[in-house]
Amino acid sequence: MRLSSQHPRHFRRERRWLGVGLLGLAGLLLFALWPSGTPTSYSTSAVDLVCDAERVRGDYFYNKEHKFAGGNYRSTQQARSGKASLLFPADGQTHFGFSTQLKNVAPGQRYELRVWSFNNQNGAARLAVQGQNPTGFYQETYAAEQTDERGWQEHVLRFHIPFRAAPQDLNLYVYSNGQAEVYFDDFQLRTLERWAAEDFTPRRLYLELDAKALQQLENKRLAALRKGLLQTADEDWVKAQMRVDSGQTLAAKVRLKGDWLDHLRGDKWSFRVALKEEQTWRGMTTFSLHTPAARYFLHEWLLHQWWEAQDVLTTRYDFVELMVNGTSKGIYAYEEHFEKQLVESRQRREGPILKYDEDGFWAGNARQLAHHGFVRPGSGHRSQAWENAPVATFNAAELAADTLQNAYAQRAKAMLASFRDGTAKPAEVFDLPLLARFYLGCDLLNAYHGLTWHNQRFYYNPITALLEPIGFDGFADRPSERYHFLAEGALHPQQQFSAGLPAQLLQDSTFIAEYLAAAWELSQPANWTAFWQNQEAAWTARLQWLQLEFPDYRPAVETMAAEVAFVRSHLLPFAPTSIRAQRHNGATSLSNTHTLPIIIQGYGRTDKGMDASVIPTILPAAPLRRLDQRLRQETTPLNFQSINFWEEQALAEQGVTAVRNLNIPRSSRYLYYQLLGLDSTLVGQINWQAEADVLLSPSGELLASKPQDFPTLQWQNQLIHIPEGTHVFEQDLIVPPGTRLQIAAGATIYLEQNSAIYCRAAVQAVGTEEAPILISSQDGTGQGLVVQRAPTTSLLHRVAFRNLSAWQRRDWQLTGAVTFYESSVSMDHCLFADNKSEDALNTIRSEIAISNCVFSQTASDGFDSDFCKGTLTGCVFRNTGNDGLDISGSILTARDCQFQGCGDKRP
């Protein structure tokens with residue numbers, strides 16, 4: 001290697017300010033996340049060259065026999081070491097300096113280039129390397145790895161010479177765009193360890209199939225293409241011979257693999273391979289071969305490495321070149337199947353591997369494809385639901401033949417079923433630290449495909465008697481843009497990530513504590529950087545190989561580091577605004593505005609120490625409510641991952657803030673609290689709010705009704721039953737929390753003398769076509785039905801509400817003849833007619849499902865929905881004085897609704 005000092009070429013065109021080379025630089029910008037002053041851990045030789053801007057002759061800096069261009073920019077105004085530095089002016093022009101050359105560089109050699117900058121505004125300071133011969137080799141960075149006490153920032157560029165299209169000579173230099181004055185000092189190059197060429201050599205796997213076997217596979221593929229998906233059976237296996245690169249030949253059987261047709265495109269089919277007679281390849285007896293594109297190339301491989309580093313069980317996953325009957329099919333990913341070798345290779349004792357059986361899921365998809373040619377998201381058969389999927393084990397026949405393993409399997413199946421049914425807590429079923437790290441891996445790498453219920457696998461550990469997750473199938477495509485991560489909204493009763501496992505886990509405080517503790521630790525920049533440094537050489541080897549077949553796959557590993565930083569940036573609450581406090585009648589209600597749960601520890605008049613502690617109280621996370629803001633702000637079409645966003649995710653992003661009551665003196669100014677899962681105590685000034693509004697704090701005390709006041713009703717344990725027949729109420733029926741109201745088919749209720757039904761519990765009113773339920777008022781004073789903060793869902797079927805007005809008690813006045821506040825409700829075939837209230841039906845901050853209902857002859861609005869989420873299907877709005885349907889801050893999916901003679905706006 002020789003050094004020279006020619007000025008870098010090709011600088012007439014403007015540099016791309018965000019461009020960062022990929023080969024060998026993968027992971028460079030990870031180091032921008034390091035804490036200030038943290039040194040790197042790369043092993044290096046002595047410094048190869050240094051320029052400290054102290055010695056200059058003409059237009060060149062000198063250090064011993066080495067010279068560097070840019071001496072005309074020397075300045076003594078600032079210096080990190082010595083007396084001088086290099087200064088680029090703020091004149092809008094591009095300037096270059098510290099320029100020198102590396103001659104005759106060798107493939108596989110790795111280097112570390114460093115420089116310090118001062119006054120680096122908006123990333124104006126750049127450190128770069130460029131190949132002189134036309135190979136396209138170019139890398140740069142503007143990121144700062146550390147900042148010293150005087151404000152100087154160190155930039156580090158680590159790169160290697162690629163094995164293919166390697167440049168012979170390199171230009172090394174710094175530059176600036178001239179938008180601000182920038183100083184540079186202490187430019188240096190070190191030689192790092194060299195990567196071995198053999199690490200970049202593809203390995204081959206050979207499959208030999210006779211003509212009959214190939215034809216059988218082709219017939220199965222054609223049938224799948226006609227059907228729209230691949231469903232396999234035992235008779236689909238064909239005989240094969242498998243030869244590995246060592247020359248060994250193994251007997252095997254092969255079938256097509258994959259569910260959707262991306263596994264059968266062109267001639268790059270996916271296969272399941274099972275070796276015979278206890279033979280193994282790389283420790284596996286059964287494995288899959290599929291195109292790397294099916295799991296988004298190297299992203300899936302890196303996710304497996306992360307799980308393995310955290311001792312989370314994961315399938316062995318890597319790449320080979322697949323040869324079928326002597327013809328190369330290109331690069332394939334291989335992935336281990338769920339056999340005992342998987343757990344034994346990870347130092348676990350043999351135990352059953354389980355899943356929720358997905359046969360019903362795929363059968364439902366197949367039926368939709370067969371009947372109408374496509375799968376409609378969100379409208380599957382009940383056989384496709386997680387709740388109805390049996391718990392199954394892999395290799396069930398082998399387990400049944402082993403008395404001990406069969407006993408383990410039965411216990412494990414019962415555990416997994418009990419968790420789903422809600423009869424067992426997560427800590428009773430799962431190894432929570434490992435489960436937390438499994439989900440955290442998905443979060444940190446933005447890999448959520450494996451979280452669907454039919455992609456999750458579990459191993460029963462006979463030593464701990466708990467289930468461990470097995471990570472696989474994290475990616476189906478390029479990761480989409482995300483706006484939150486799993487734990488946000490946790491413990492909030494109305495917050496649902498999706499159907500299945502995550503939803504239940506995110507309602508468990510023990511799991512959330514484990515998860516957030518792991519997130520805090522493993523998202524530390526130093527921890528992520530250490531992980532990446534252990535993977536960089538293997539990643540780069542595979543990347544260069546994959547790009548031979550998939551040149552458009554150009555991952556920016558700095559983006560992965562940004563995803564880790566994204567999670568970390570959301571963990572800690574903002575002390576001044578995270579907790580809201582309201583007072584009413586001497587009591588204090590606290591709510592959490594942070595999207596992660598916190599624990600209240602105590603309060604004080606200063607931030608120097610608590611005056612008193614309280615029983616630790618968890619405040620559930622605030623619900624995620626961003627969709628409305630995004631719809632208002634974004635003018636371009638939203639790039640949602642699928643149409644399911646509207647049905648499943650967008651609606652889930654609305655919710656009501658959860659409130660907890662504590663005895664906090666009004667004189668207190670600070671609260672002491674912790675993020676759930678972390679030990680550090682935070683202090684935040686209390687954000688006192690105005691007194692609660694009248695709807696949350698009704699005037700006067702509403703006392704529960706007494707049985708003697710309503711002799712026609714039936715009073716049982718926590719149940720008030722209104723039987724069929726006619727009932728006349730001349731005073732309010734008050735149903736307290738913990739007591740349900742049940743109205744029988746055929747019941748008629750007349751609300752007279754300003755009476756109403758007021759419930760702090762769910763209402764079950766199920767009429768029939770022959771015996772509907774009527775709630776009305778003969779004297780015209782009845783004030784309807786109010787359901788407030790019911791803990792479970794109300795069900796109304798074939799109920800008619802006629803001639804009613806709205807609830808009014810002194811200064812407490814509602815607008816709906818029927819009102820649901822913070823109470824989920826399902827209505828079907830209900831009638832709202834001739835009501836004199838502002839709204840016939842008013843739902844507020846509730847989850848609703850309303851179908852086939854009629855709103856008719858209403859003085860003002862037919863249905864007013866405020867801050868709700870849900871569905872409206874097949875409803876009729878007829879002859880309303882004002883709006884047929886009035887929506888404020890709600891997200892409703894409306895289908896097949898009719899509007900006739902509405903006096904004001906309609907959807």
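Check the entry above for the structure.
Residues numbered from 1 in each chain as written. Predicted model: local features only at pLDDT ≥ 70, side-chain atom pairs only at ≥ 80, totals over all residues. Heavy atoms only, no water.

Trainee: Explain the overall build of the protein residue by residue, including any values.
Mentor: On a plain count of helices and strands, the protein comes out with 14 helices and 61 strands. Buried positions account for 56% of the 907 residues belonging to the protein. About 38,700 Å² of surface is accessible on the protein, with carbon and sulfur atoms providing 46% of the total. (Helix = DSSP H or I, 4+ residues; strand = E, 2+ residues; numbered from the N terminus. Buried < 20%, exposed > 50% of the residue type's maximum accessible area, 1.4 Å probe, protein only. Areas by Shrake-Rupley, 256 points an atom, 1.4 Å probe, with all protein chains shown as cover.)

Trainee: I'd like a description of the state of the cysteines, backed by residues and values.
Mentor: Counted by the stated rule, this structure contains 0 disulfides. Take Cys-853: it sits in no disulfide, and the sulfur closest to it among the cysteines is that of Cys-830, at 4.5 Å. Exposure remark for Cys-853: the relative accessible area of 0% places this residue in the buried category. (Disulfide = S-S within 2.5 Å.)

Trainee: Break down the side chain of His-95 for me, citing the residues and quoting the values.
Mentor: Position of His-95 relative to the elements: it lies in strand β8 (residues 95–103). Beyond its immediate sequence surroundings of up to four residues, His-95 is in contact with Tyr-73, Phe-88, Pro-89, Val-174, Tyr-175 and Ser-176. (Contact = heavy atoms within 4.5 Å.)

Trainee: How would you sum up the pairing of strand β5 (residues 66–69)? Please name residues and give values.
Mentor: Both strand β4 (residues 60–63) and β5 contribute to a ladder of 4 bridges, which runs antiparallel. Directly across from Tyr-60, in β5, lies its bridge partner Ala-69. In sequence, β4 turns back onto β5 through a hairpin of 2 residues, with Lys-64 there showing a positive phi of about 55°. (Pairing = 2+ DSSP bridges.)

Trainee: Please set out helix α8 (residues 432–444) residue by residue, giving values where relevant.
Mentor: Here α8 is 13 residues long and its end C-alpha atoms lie 18 Å apart, about the 18 Å a rise of 1.5 Å per residue gives. The set of residues buried in α8 consists of Leu-432, Leu-434, Leu-435, Ala-436, Arg-437, Phe-438, Tyr-439, Leu-440, Gly-441, Cys-442, Asp-443 and Leu-444. (Expected span 1.5 Å × (residues − 1).)

Trainee: Outline the nonpolar core, supporting the account with residue identities and numerical values.
Mentor: In this structure, Phe-430, Tyr-439, Leu-467, Phe-511, Tyr-515 and Trp-539 are the most contacted members of the largest nonpolar core, which totals 94 residues. Sorting elements by how many residues they give to this core places α8 first, with 9 residues. In contact with Tyr-439, other than residues within four places in its own chain, are Leu-451, Gln-456, Leu-486, Leu-501, Pro-502, Leu-505, Phe-511 and Tyr-515. Phe-710, Val-799, Ile-850 and Cys-902 belong to the second-largest nonpolar core, a separate cluster that totals 47 residues. (Core = buried A, V, L, I, M, F, W, Y, C linked by side-chain atoms within 4.5 Å.)

Trainee: Outline the sheet that holds strand β34 (residues 682–685), listing residues and values.
Mentor: Ordered in space as β31-β30-β33-β34, the 4 strands form an open sheet in which the pairing is antiparallel. Strand pairing shows two members of the sheet lacking a second neighbour, β31 (612–619) and β34, which therefore form its edges. Across this sheet, the average inter-strand angle for adjacent strands is 30°, counted without regard to direction. (Axes fitted to C-alpha atoms, helices over the stretch in contact; angles between N-to-C directions.)

Trainee: Can you tell me about the sheet that holds strand β21 (residues 313–314), naming the residues and giving the values?
Mentor: Pairing is mixed across the open sheet formed by 5 strands, whose spatial order is β21-β27-β26-β24-β25. The open sheet has two free edges, formed respectively by β21 and β25 (391–393), since each of these has just one partner strand. Bridging between strand β26 (residues 457–461) and strand β27 (residues 466–471) involves 5 bridges; their strand directions are antiparallel. For Tyr-460, the partnering residue across the bridge sits in β27 and is Leu-467. Most of the contacts of α8 go to β27, to which it runs at about 20°, and overall it touches β26 and β27.

Trainee: Residue-level account of the pattern of salt bridges, with values.
Mentor: According to the stated counting rule, one finds 32 salt bridges in the structure shown. In this structure, Asp-611 engages Arg-605 in a salt bridge whose closest nitrogen and oxygen atoms are separated by 3.2 Å. The exposure class of Asp-611 is partly exposed, given its relative accessible area of 42%. Given the relative accessible area of 52%, Arg-605 is considered exposed. (Salt bridge = Lys/Arg side-chain N within 4 Å of Asp/Glu carboxyl O.)

Trainee: I'd like a rundown of the packing of α8 against helix α10 (residues 509–522), residues and numbers included.
Mentor: Interhelical geometry of α8 versus α10 gives an angle of 55° and a closest axis separation of 9 Å. When the axis of α8 is compared with that of α10, the two are oblique. In this structure, the crossing between α8 and α10 has a hand that is right-handed. Counted together, Leu-432, Pro-433, Leu-435, Ala-436, Arg-437, Tyr-439, Leu-440, Asp-443 and Leu-444 of α8 and Thr-510, Phe-511, Glu-514, Tyr-515, Ala-518, Ala-519, Glu-521 and Leu-522 of α10 form the full contact between these two elements. (Parallel < 35°, antiparallel > 145°, perpendicular 65-115°, else oblique. Left-handed = near helix turned anticlockwise from the far one by under 90°.)

Trainee: Now, about the environment of Arg-349: what can you tell me, with residues and values included?
Mentor: Relative to the elements of secondary structure, Arg-349 occurs in the loop between α3 (340–345) and β24 (353–356). Along the sequence, Arg-349 and Asn-461 sit 112 residues apart, while their C-alpha atoms lie 7.1 Å from each other. Contact partners of Arg-349, with chain neighbours within four places excluded, come to Val-343, Tyr-459, Pro-462 and Ile-463.

Trainee: How would you sum up the side chain of Gln-188? Please name residues and give values.
Mentor: You can see Gln-188 is positioned in strand β15 (residues 182–192). Here Arg-190 takes part through its side chain, which lies 3.3 Å from a polar atom of the side chain of Gln-188. (Polar contact = N/O pair within 3.5 Å; in protein donor to acceptor, adjacent residues only side chain to side chain.)

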